[in-house]
Amino acid sequence: MARTVTVAALQTSYGPDMAANIAKTERLVREAAAEGAQIVLPSELFQGEYFCVSQEEKWFATAFPWREHPATLAMQALAKELDIVIPTSIYEREGPHYFNSLVMIDAGGELMGVYRKSHIPDGPGYQEKYYFRPGDTGFKVWDTKYAKVGVGICWDQWYPEAARAMALLGADILMYPTAIGSEPHDESLDTAAPWQRIMQGHAVANVMPVVAANRIGTEKVTEAGQTFYGHSFVANHRGDLVSSLDAGEEGIVSASFDLDFLNTHRAAWGFFRDRRPDLYHALATGRPV
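Cut-offs and rules
- Residues numbered from 1 in each chain as written.
- Predicted model: local features only at pLDDT ≥ 70, side-chain atom pairs only at ≥ 80, totals over all residues.
- Heavy atoms only, no water.
- Pairing = 2+ DSSP bridges.
- Helix = DSSP H or I, 4+ residues; strand = E, 2+ residues; numbered from the N terminus.
- Axes fitted to C-alpha atoms, helices over the stretch in contact; angles between N-to-C directions.
- Contact = heavy atoms within 4.5 Å.
- Phe/Tyr/Trp six-rings, centres within 6.5 Å; stacked < 30°, edge-to-face > 60°.
- Buried < 20%, exposed > 50% of the residue type's maximum accessible area, 1.4 Å probe, protein only.
- Lys NZ or Arg CZ within 6 Å of the ring centre and 35° of its normal.
- Patch = residues over 30% accessible without salt bridge, like charges linked within 9 Å, V, L, I, M, F, W, Y side chains within 5 Å.
- Areas by Shrake-Rupley, 256 points an atom, 1.4 Å probe, with all protein chains shown as cover.
- Salt bridge = Lys/Arg side-chain N within 4 Å of Asp/Glu carboxyl O.
- Polar contact = N/O pair within 3.5 Å; in protein donor to acceptor, adjacent residues only side chain to side chain.
- Arc of directions from axis to C-beta.
- Expected span 1.5 Å × (residues − 1).
- Core = buried A, V, L, I, M, F, W, Y, C linked by side-chain atoms within 4.5 Å.

(A) Broad picture of the sheet that holds strand E14 (residues 233–235). The six strands are arranged E8-E9-E10-E11-E14-E15 in an open sheet whose pairing can be described as mixed. Each having just a single partner strand, strand E8 (141–143) and strand E15 (241–244) make up the two edges of the open sheet. Strand-to-strand twist in this sheet, taken as the mean axis angle between neighbours without regard to direction, amounts to 20°. Running over the sheet, helix H3 (residues 160–168) touches E8, strand E9 (148–151) and strand E10 (173–177) and is turned about 140° from E10. Here helix H4 (residues 192–206) sits on the sheet in contact with E10, strand E11 (210–213), E14 and E15, set at roughly 155° to E11.

(B) The arrangement of the sheet that holds strand E16 (residues 251–258) in detail. Strand order in the open sheet formed by three strands is E2-E1-E16, and the pairing between neighbours is mixed. Across the chains shown, the open sheet's two edge strands, defined by having one partner strand only, are strand E2 (39–41) and E16. Across this sheet, the average inter-strand angle for adjacent strands is 20°, counted without regard to direction. Two elements, strand E1 (residues 4–11) and E2, share three bridges in a ladder whose sense is parallel.

(C) Summary view of the packing of aromatic side chains. Summed over the entire model, instances satisfying the criterion amount to 20 aromatic pairs. Between Tyr-14 and Phe-46 the ring centres are 6.5 Å apart and the planes differ by 45°, which places this aromatic pair in the tilted class. Taken as a pair, Tyr-14 in the loop between E1 and helix H1 (18–34) and Phe-46 in the loop between E2 and helix H2 (70–82) lie far apart in primary sequence, 32 residues in all. Both residues of the pair, Tyr-14 and Phe-46, count as buried. With a centroid separation of 5.5 Å and 45° between ring planes, the pair formed by Phe-60 and Tyr-131 is classed as tilted. Note that Phe-60 is positioned in the loop between E2 and H2 and Tyr-131 in the loop between strand E7 (126–127) and E8, a separation of 71 residues in sequence. Judged on exposure class, the residue Phe-60 and its partner Tyr-131 are both buried. The structure contains a cluster of three or more aromatic residues connected by ring pairs, namely Phe-51, Trp-59, Phe-60, Tyr-91, Tyr-98, Tyr-130, Tyr-131 and Phe-132. Looking at Arg-116, its charged tip hangs above the ring of Phe-99, at a distance of 4.3 Å from the centre.

(D) Fine view of a nonpolar patch on the surface. A contiguous nonpolar patch, built from Leu-279, Tyr-280 and Leu-283 and spanning about 320 Å² of accessible area, is present on the exposed surface. Looking at the secondary structure, you find Tyr-280 in helix H6 (residues 277–285).

(E) Examining the side chain of Glu-128 more closely. Inspection of the secondary structure puts Glu-128 in the loop between E7 and E8. Here Tyr-50 takes part through its side chain, which lies 2.7 Å from a polar atom of the side chain of Glu-128. Sequence-distant contacts of Glu-128, defined by excluding residues within four places in its chain, comprise Glu-44, Tyr-50, Cys-52, Asn-100, Lys-117, Ile-120, Pro-121 and Asp-122.

(F) Expanded view of H3. The complete set of buried residues in H3 reads Ala-162, Ala-163, Met-166 and Ala-167. The arc enclosing the buried residues of H3, seen along the axis, measures out at 135°, which places them on a common side.

(G) Representation of H2 in the model. Compared with the 18 Å implied by 1.5 Å per residue over 13 residues, the 18 Å span of H2 between its first and last C-alpha is a close match. Three or more residues of H2 are buried, namely Ala-71, Thr-72, Ala-74, Met-75, Leu-78 and Ala-79. All buried residues of H2 lie within an arc of 165° about the axis, which places them on one face of the element. What points out from H2, more than 90 degrees from its buried face, is the exposed set Lys-80 and Glu-81. Packing partners of the buried residues in H2 comprise H1, strand E3 (86–94), strand E4 (97–105) and strand E5 (111–116). Of the residues flanking the end of H2, it is Asp-83, one or two places downstream, whose phi is positive at about 55°.

(H) Representation of the pattern of salt bridges. This structure, assessed with the given rule, holds 16 salt bridges. One salt bridge connects Asp-136 with Arg-116, and the closest N-O pair in it is separated by 2.9 Å. Taken together, the residues span a long stretch of sequence, with Asp-136 in the loop between E7 and E8 and Arg-116 in strand E5 at a distance of 20 residues. By relative accessible area, which is 6% here, Arg-116 ends up buried.

(I) Representation of the nonpolar core in the model. Within the largest apolar cluster, 34 residues are counted, with the highest numbers of intra-cluster contacts made by Phe-51, Tyr-91, Tyr-131, Phe-132 and Leu-174. Residue assignment for this core shows that the elements contributing at least two residues are H3, E10, H4, E11, strand E13 (226–229) and E14. With four residues, the single largest contributor to this core is H4.

As structure tokens, then:
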């Protein structure tokens with residue numbers, strides 16, 4: 001019997017009330033599970049507004065240890081009740097350190113561990129280096145009940161090396177919770193299409209599905225505000241968009257995949273057979289092969 005998995009990502013707007021944001025996410029998770037989803041991905045830092053548009057000390061108070069974060073506890077209870085996997089993005093505090101993190105919650109509610117965002121952006125509207133240390137966990141792939149899942153967080157999505165690292169660790173599926181939209185320094189700059197294309201490329205290069213969850217709406221963390229462009233999607237192993245939403249739609253994207261077919265197809269392409277780590281090392285170090 002073929003091994004199949006149904007994945008989903010959530011797209012919605014969020015406001016300043018953490019409890020309300022978590023409750024809204026719970027509702028959408030339930031909808032996705034009712035439609036058959038076994039792995040459901042909310043967007044980046046879904047428990048609040050995206051606060052990294054400016055540098056304000058007050059936001060450090062919204063970080064929690066990863067096992068104790070209100071979003072972790074709520075999604076853990078939901079994963080246990082619905083027997084689904086929920087990769088859960090949080091603002092994490094560990095001692096004096098702060099991270100943009102993801103807790104992998106397995107079906108049944110087990111907390112499998114934490115991934116801390118490796119690549120931290122710093123620019124107009126995305127001043128994350130003020131709030132987050134670079135991750136110290138390395139890339140992660142979790143052997144969940146339904147599939148082996150690799151997760152990068154937002155800015156990680158632009159790096160082919162991150163996707164390939166997770167593929168080499170045995171991922172069946174790559175997932176990216178994000179919070180991305182307007183560019184305050186340039187109103188004419190729209191990155192929605194390149195944002196999709198880079199991840200579609202990861203799907204092609206690693207012969208595996210890619211799932212991306214983004215938020216929508218305008219958030220007034222600063223007077224100027226920040227508008228998020230949605231376009232959440234699921235891409236198949238060819239990079240084709242098999243489920244997607246537009247810039248203003250609240251909803252769910254989902255798709256089902258045959259993992260045995262994907263394993264065979266991935267082997268047949270030979271991308272992992274023919275890769276040359278010896279040559280890459282030589283190019284990086286200037287030493288002969």
